[in-house]
Amino acid sequence: DGRFYRGSRLIKIIKGCGGDVITHSGRETFINRHSVGVAMEKSTNGQHDLYAIADSTIPDNKVYLAAPHHQSYDSRYASFGLRDRQELLGTAIRIF
């Protein structure tokens, strides 16, 4: 459940923001027709069903967060969802 992560510091990539459109083809999620990941059907431990975020337009005060790992828990899942911009703490910069 996404509430586990509330208050935790995570490093994610902003893949969508206000006005961007979320769509799906099967379990693959797209932002403005660009693939941003495929939702798994079960959690990595197999104990929880995972549901893709609904097709929608991202509201102005929300962001779609993702990570490059195929098992990342991120906005592709309804339980993680879109996040409030005010939850963002800063920018991570790759140093090497």
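Structure report, in brief. (Residues numbered from 1 in each chain as written. Predicted model: local features only at pLDDT ≥ 70, side-chain atom pairs only at ≥ 80, totals over all residues. Heavy atoms only, no water.)

1. A look at the sheet that holds strand 7 (residues 83–84)
Reasoning step 1: Here we have three strands laid out as an open sheet, ordered 1-6-7, and antiparallel in their pairing. Each edge of the open sheet carries a strand with a single partner, namely strand 1 (13–17) and strand 7.
Reasoning step 2: One ladder, built from four bridges, connects strand 1 with strand 6 (residues 62–66); its direction is antiparallel. Bridge assignment links G16 to a residue of strand 6, and that residue is Y64. (Pairing = 2+ DSSP bridges. Helix = DSSP H or I, 4+ residues; strand = E, 2+ residues; numbered from the N terminus.)

2. Regarding the pattern of salt bridges
Reasoning step 1: Counted according to the given criterion, the structure contains four salt bridges.
Reasoning step 2: In this structure, D84 and K62 form a salt bridge, with 2.5 Å as the shortest nitrogen-oxygen distance. Of this pair, D84 sits in strand 7 while K62 is found in strand 6, placing the two residues 22 residues apart along the sequence.
Reasoning step 3: Salt-bridge contacts for R83 lead to E87; the nearest nitrogen and oxygen are separated by 3.1 Å.
Reasoning step 4: Looking at E87, the relative accessible area reads 37%, which means it is partly exposed. (Salt bridge = Lys/Arg side-chain N within 4 Å of Asp/Glu carboxyl O. Buried < 20%, exposed > 50% of the residue type's maximum accessible area, 1.4 Å probe, protein only.)

3. Side note on the environment of S75
Reasoning step 1: Residue placement: S75 occurs in the loop between strand 6 and strand 7.
Reasoning step 2: We classify S75 as buried; its relative accessible area is 0%.
Reasoning step 3: The spacing of S75 and K12 is 63 residues in sequence and 9.8 Å in space, taken between C-alpha atoms.

4. Concerning the sheet that holds strand 3 (residues 28–31)
Reasoning step 1: In space, the four strands of this open sheet follow the order 4-3-2-5, with antiparallel pairing throughout. Two strands lie at the open edges of the sheet, namely strand 4 (34–38) and strand 5 (56–57), each paired on one side alone.
Reasoning step 2: Bridge count between strand 2 (residues 21–25) and strand 3: four bridges; the pairing is antiparallel. Bridged to H24 within strand 3 is T29.

5. Points about the pairing of strand 2
Reasoning step 1: Alignment of strand 2 against strand 5, held across two bridges, turns out to be antiparallel. Its bridge partner being in strand 5, V21 is matched across the sheet by T57.
Reasoning step 2: In this structure, the hairpin formed by strand 2 and strand 3 is closed by a connection of two residues, where G26 is found at a positive phi of approximately 65°.

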